[in-house]
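# Working through the structure, step by step
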Amino acid sequence: MSSAWDQQAPRYAEVLLPLPLDTPYIYALPENLRVQATVGMRAQVPLGNTTRVGIITALREQSDVRQIRPLERLLDDAPLLGEGLLSFYAWLADYYFAPLGSVLDLALPTGLLLPPGTRVFLGMMGKKVLDGFPMSAAWGLDAKEEKLLLKLLGVLRKSGPLPLGKALPGGLTEARLRQWAAAELVMLKDERNPFAVKTERVYQWNEEAEPPTARAKKQRDIWAYLQECPQKTSSRAELLQHFPSCQSSLKAMVNKELVLEDQRECLRSPLSTQLLHEGDEDNATLTLTEEQQRAVDAILPALVQPDTPFLLHGVTGSGKTEVYLRAMEACLSRGKQVLMLLPEIALAPQVVTRLRARFGPRVAVWHSALSHGERRDEWTRILRDEADIVVGARSAIFAPLKKLGLIVVDEEHEGSYKNEEGVYYHARDMAVMRGRIEQAAVVLGSATPSVESINQVRLKRYQRLSLRERPGTTVLPQVDTVALPYATKEDNLLSSELLLACRQRLSRGEQAILFLNRRGFSPYIFCHGCESPVQCPHCAVSLTYHRIQGKLLCHLCGFASPVPKHCPSCESTELELKGVGTQKVEDEISQSFPEARVARLDRDVLGRKGELTRLLQEVRAGDIDLLIGTQMVAKGHDFPGVTLVAVLNADQSLHFPDFRAGERTFQLLTQVSGRSGRRDIPGQVLIQTDSPDHPAIRCAVELDDKGFYKEELKARHALGYPPFTRLALLRIESRDEQQAGEVSHHLADALRSLVHKQNLEGKVFVLGPASAPIAKIKDTFRFHVLVKSPTVRALRSLLKQAKVRELLQGGKEVRIRLDIDPVHML
């Protein structure tokens, strides 16, 4: 008979599954789960002929749905997700026109929403039985069951835990196995997280045993060591560190029951095997400049009562990180947690090292480069409230912090914060929204803020905090332009001025960075027969020659081929390597300066785990004289010995077919220039360009960010581009070019007709269709339809009226994708 409490408890649960669906399914709650069920818990539910796992998003007492199937079981003792985080998911899904189930699938670690499986472990009583402990009559075993039990226990000791199905031999039932579990002969464990749980052997001092004899010196030493350990327990790794080659002694002590051996969960540390740079200043108490102190003083009240987000606009090397640290310190002192987003995984080790030096080990890391096991363990630490600070790339915006008090978005202008697959969210914008939902302060930091953020300051939606000077005696570098060298047969980008500057810096024992945002040896092979570059057969881009691999590679689809002797299009043998990549620069620099220690930093050299950290460590330690790299060298690194930065081709990024090309050029030049002269020795920057009067280059050289933003905002307003309009980009893709074109025309016509019907002329504009700037990727043809509007309300009204979510279902032949607030137009 149900109690009064049971009658008042909810009878139904809405469960959201990680499927491309908006609405959750409704399931009946069994009586024994009605009190326990809570919003945010995982639940195992039936779906068709399968079993799925989802998140409870609501509980209700009544339902109009007929034939409701019962929820099978709950997989958590407490909510996995708080209501604030669920509200954040819902807002994100609505804003980006994405299925809520897809957002859930994106937000949670891979595998967390897979059905669990039960595994069988050796129990404490089972260990004693194997060691000769007599069977108990209370277990009610017949001769056959005794034989089955001993066989199972032996397998568990020898092979380790078994899946439930493999532990039921010879007619043994699950019910009988659970009775053995009640007697501690075995242990049943639901593997709720399918990622492998890392365990380690631990040894515990047996208080009831007699100490080892005097002749067993190593055993007596281990015995004494265990007595002094906390809880008189130590891991195998710790014992081996103190007593090398003690395996045989440990085994003997276990056999004599002098020590007890067991297994315990061991959380992985993503940075434990990497070389971390410990800066001398990490633990130092730095004296803030007046500008830094004003910024900190402005942020601290928002930790108590959040208001508008802050834009921390500080020149490179101005001490933005120290402002972050002071704000974090204040946040942690109030019992709240911190989320810090970084644009590049490459910055994580440097930042985490500094945070751990300041705040201790309670710092978690979250980004796509983690292994499945590391992801599982970091997620576990965050859920257990064992991390006060979470640092990561854009996916860390979904971290399940329960007491979020501060969100920091470093280098907020970076396009890498935009997710370009599945749900097209922008982590910077979502950080602002999550802060609003969870009442957390938000600080966006950059030396070169996005034009959108600058406009938010202009509209008084963000509060700007300025850092215009570097602390101490450090000054901004001297920036000069140099004419691009005339193209030669070898396409050399090393001007005489650049080589002289490198020679001067090397003679003084200083370091230099040569920046070229183009990897490989030569960007393309040119055919003089058909007067065109050799293209990828699957993408509408030229193949890049990589001399180290000795192959032509496509940087979009990964296609690789040997260097051809004939042109694939016209069979001409007049083929010539053209252009310059980082591999070629590395060769030429090594030849020009044979005595120098030269290294290259781009994605081609980062194949092995930890290679990036090792390379950055060598640069900071002064073990590398000349570093050649792509944009990976431009972002956030602090190299004390670098006093020269050379940009080999500043015009390269100006030619992209994107209205943000000028902004990106200015940001990239300013950021990479900021790597020079970050200590007491003045820095120098040389920018090779044929367009010194272009606003992006001129303002970068003159360190005139105000002038650049003024000109850029004026141009954007005249052309009707963001931030003065809102954009939605529809990408139509198909392996059939004609079909993709037809669908894109039909879609554009339908949208224009709807604009007319809804009286939105002059409020919403439909442009296109047109072939995408890269018209084919991975044998898929691509078309764009662009929708513009001065207001987000009119834009969303059109898209909702068009039932764009139904259009995005596409079909087998054509796929339509919607990108709200697109960052990359390619």
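Refer to the structure presented above.
Here is a short report on the structure shown in this document.

The rules we used
- Residues numbered from 1 in each chain as written.
- Predicted model: local features only at pLDDT ≥ 70, side-chain atom pairs only at ≥ 80, totals over all residues.
- Heavy atoms only, no water.
- Helix = DSSP H or I, 4+ residues; strand = E, 2+ residues; numbered from the N terminus.
- Rg over C-alpha atoms; globule rule 2.2 N^0.38 Å.
- Buried < 20%, exposed > 50% of the residue type's maximum accessible area, 1.4 Å probe, protein only.
- Contact = heavy atoms within 4.5 Å.
- Areas by Shrake-Rupley, 256 points an atom, 1.4 Å probe, with all protein chains shown as cover.
- Lys, Arg positive; Asp, Glu negative; His and termini not counted.
- Charge placed at Lys NZ, Arg CZ, Asp CG, Glu CD.
- Pairing = 2+ DSSP bridges.
- Arc of directions from axis to C-beta.
- Axes fitted to C-alpha atoms, helices over the stretch in contact; angles between N-to-C directions.

## Focus: the overall build of the chain
The secondary structure content of the chain amounts to 24 helices and 34 strands. For 826 residues, the compact-globule estimate of 2.2 N^0.38 gives 28 Å, and the C-alpha radius of gyration of the chain, at 31 Å, lies within 12% of that figure. Structurally, the chain occupies a C-alpha span of about 95 × 80 × 65 Å along its principal axes. With 826 residues in all, the chain has 52% of them scored as buried. Long-range contacts, defined here as pairs at least 24 residues apart, represent 75% of the contacts in the chain between residues at least 6 apart. Carbon and sulfur atoms make up 50% of the accessible area of the chain, which amounts to about 38800 Å² in all. Mean positive and mean negative side-chain charge positions of the chain (106 and 100 charges, respectively) differ by 3 Å.

## A closer look at the pairing of strand β3 (residues 42-47)
With 5 of 6 residues buried, β3 is to be regarded as a mostly interior element. Both β3 and strand β4 (residues 50-60) contribute to a ladder of 6 bridges, which runs antiparallel. By the bridge assignment, V45 is partnered in β4 with R52. The turn joining β3 and β4, which pair antiparallel and follow one another in sequence, is formed by 2 residues; a positive phi near 60° is taken by G48. Bridge analysis of β3 against strand β5 (residues 73-74) gives 2 bridges, and the strand direction is antiparallel. Considered in β5, the bridge of Q44 is made with R73.

## Concerning helix α10 (residues 290-304)
Structural remark: α-helix, 3.6 residues per turn; residues separated by three or four positions point the same way. Those residues of α10 that sit buried are E291, Q292, A295, V296, I299, A302 and L303. Taken down its axis, α10 places every buried residue within 125° of arc, on the same side. Looking at α10, the residues exposed on the side facing more than 90 degrees away from the buried face are E290, R294 and V304. Contact partners of the buried residues in α10: β12 (310-314), α11 (320-333), β16 (404-410), β17 (441-446) and β18 (463-467).

## Some details on the sheet that holds β5
Taking strand neighbours across the sheet as the criterion, the 5 strands line up as β2-β1-β4-β3-β5 in an open arrangement whose pairing is antiparallel. In the strand order of this sheet, the two ends are held by β2 (25-28) and β5, each with one partner.

## Observations regarding the sheet that holds strand β24 (residues 551-553)
Strands sit in the order β23-β24-β25 across an open sheet of 3 strands; the sheet is antiparallel. The open sheet is flanked by β23 (544-546) and β25 (560-562), the only strands paired with a single partner. Sheet twist, expressed as the average angle between the axes of neighbouring strands with direction ignored, equals 35°. Judged from the 3 bridges that link them, β23 and β24 form a sheet pairing that is antiparallel. Bridge assignment links Y545 to a residue of β24, and that residue is L552.

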